[in-house]
Amino acid sequence: MNTQARNQLKRRAVFLDRDGVINAKLPEDRYVGYASEFTFLPGVIQALRTFEKLGYLRVVVTNQRGIGRGLMTEEQLMAVHDYMNRELEKRGVKLDAVYYCPHDECENCACRKPQPGMILEAAHDLDIDPASSYMVGDSPADIGAGSRAGTRTVRIAEEADDTADLVFPNLIAFATFLESRADEADQPEHVS
Ligand SMILES: [Mg+2]
Ligand SMILES: [Zn+2]
């Protein structure tokens, strides 16, 4: 079997940064340590539904160095993610997995974005083909991680970003784009 045929058996995914993509970011140097601080951004639920409908797994990859810095605990992060997953479930949509990096920058780990570790681990665990997947994030580190892992990259930003393959102001705008491509060509994985 050639590489292309084998990759078609693999699954595709939308890898999602969390803060600033799924939920509202807190001010600099503050970390979401409680469910009460977690607010879904507008259109996110609908966007996740669209990804699911189009056959993309939904995998969160999030840097959480507040843990490494001692500003929150891993247990707090788990509780926040439990809350996020429960709220999504209530609305009939789900994430396939959530990966997080708890390390501070100085720890030089392989998982903190822009390192591709979390994406590569998820791709291995869930049998995902990075090349037919997208990494979506609101910071340059997200785009770096996606590029290094071999995904296509989507920057959520108001301004242009030449380092990303695509740029949209929010997640729902990307989902709408992906859906229109699917309608058009039945090949949402092909972006030229
Ligand atoms: Mg972010
Ligand atoms: Zn790490």
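Note that the structure is a prediction, hence the values are computed from the model and not measured. (Residues numbered from 1 in each chain as written. Chains lettered and ligands numbered in written order. Predicted model: local features only at pLDDT ≥ 70, side-chain atom pairs only at ≥ 80, totals over all residues. Heavy atoms only, no water.)

**Considering the nonpolar core**
Thought 1: Ranked by size, the top nonpolar core spans 33 residues in total, and within it L16, I22, F51, V136, L171 and F174 carry the most contacts.
Thought 2: With seven residues, the top contributor of residues to this core is helix α7 (residues 171-185).
Thought 3: One finds V61, C109, C111 and A145 within the second-largest nonpolar core, a separate group that totals 19 residues. (Core = buried A, V, L, I, M, F, W, Y, C linked by side-chain atoms within 4.5 Å. Buried < 20%, exposed > 50% of the residue type's maximum accessible area, 1.4 Å probe, protein only. Helix = DSSP H or I, 4+ residues; strand = E, 2+ residues; numbered from the N terminus.)

**Things to note about the packing of aromatic side chains**
Aromatic rings considered in pairs are described by the distance between their centres and by the relative angle of their planes.
Thought 1: The final tally for this structure, using the stated rule, is seven aromatic pairs.
Thought 2: For the ring pair F38 and Y83, a centre distance of 6.1 Å and an interplane angle of 75 degrees mean the geometry is edge-to-face. Placement of the pair is F38 in the loop between β1 (12-16) and α2 (44-53) and Y83 in helix α4 (residues 74-90), with a sequence separation of 45 residues.
Thought 3: A connected cluster of aromatic rings, assembled from ring pairs, spans F51, Y56, Y134, F168, F174 and F177.
Thought 4: Across from the ring centre of Y56, 4.3 Å away, lies the NZ or CZ of R12, which sits over that ring.
Thought 5: Taking the ring centre of Y134 as reference, the NZ or CZ of R152 above it sits at 4.5 Å. (Phe/Tyr/Trp six-rings, centres within 6.5 Å; stacked < 30°, edge-to-face > 60°. Lys NZ or Arg CZ within 6 Å of the ring centre and 35° of its normal.)

**Brief notes about the coordination of the zinc ion (ligand 2)**
Angles between donor atoms at a metal ideally measure 109.5 degrees for a four-coordinate tetrahedral arrangement and either 90 or 180 degrees for a six-coordinate octahedral one.
Thought 1: In the first shell of the zinc ion (ligand 2), the protein supplies C101 (SG), H103 (ND1), C109 (SG) and C111 (SG), at 2.0 to 2.3 Å from the metal.
Thought 2: Coordination geometry of the zinc ion (ligand 2): the four donor atoms subtend angles of 103 to 116 degrees at the metal centre, consistent with an arrangement described as tetrahedral.
Thought 3: Look at C101 and you get buried, because its relative accessible area is 0%.
Thought 4: H103 sits in the partly exposed class, given a relative accessible area of 24%. (Donors = N, O, S within 2.8 Å, 3.2 Å for Na, K, Ca; no water. Tetrahedral: all angles 85-135°; square planar, octahedral: opposite > 155°, others 65-115°.)

**Topic: the pattern of salt bridges**
Thought 1: Evaluated as defined, the whole model comprises 17 salt bridges.
Thought 2: Residue D104 is joined to R65 by a salt bridge in which the shortest nitrogen-to-oxygen separation is 3.1 Å. Residue D104 is located in the loop between β3 (97-101) and α5 (117-126), and its partner R65 is located in helix α3 (residues 65-68); the two are separated by 39 residues in the primary sequence.
Thought 3: Across the pair E87 and R91 runs a salt bridge whose closest N-O atoms are separated by 3.0 Å.
Thought 4: Of the residues examined, R91 reaches a relative accessible area of 35% and is grouped as partly exposed. (Salt bridge = Lys/Arg side-chain N within 4 Å of Asp/Glu carboxyl O.)

**What to know about the coordination of the magnesium ion (ligand 1)**
Thought 1: Donor atoms from the polypeptide that bind the magnesium ion (ligand 1) are D17 (OD), D19 (O) and D138 (OD), placed at 2.1 to 2.2 Å.
Thought 2: Of note, the magnesium ion (ligand 1) draws all its donor residues from one chain, in the sequence arrangement D-x1-D-x118-D.
Thought 3: Judged by its relative accessible area of 7%, D17 is buried.
Thought 4: Take D19: its relative accessible area is 17%, and that puts it in the buried class.

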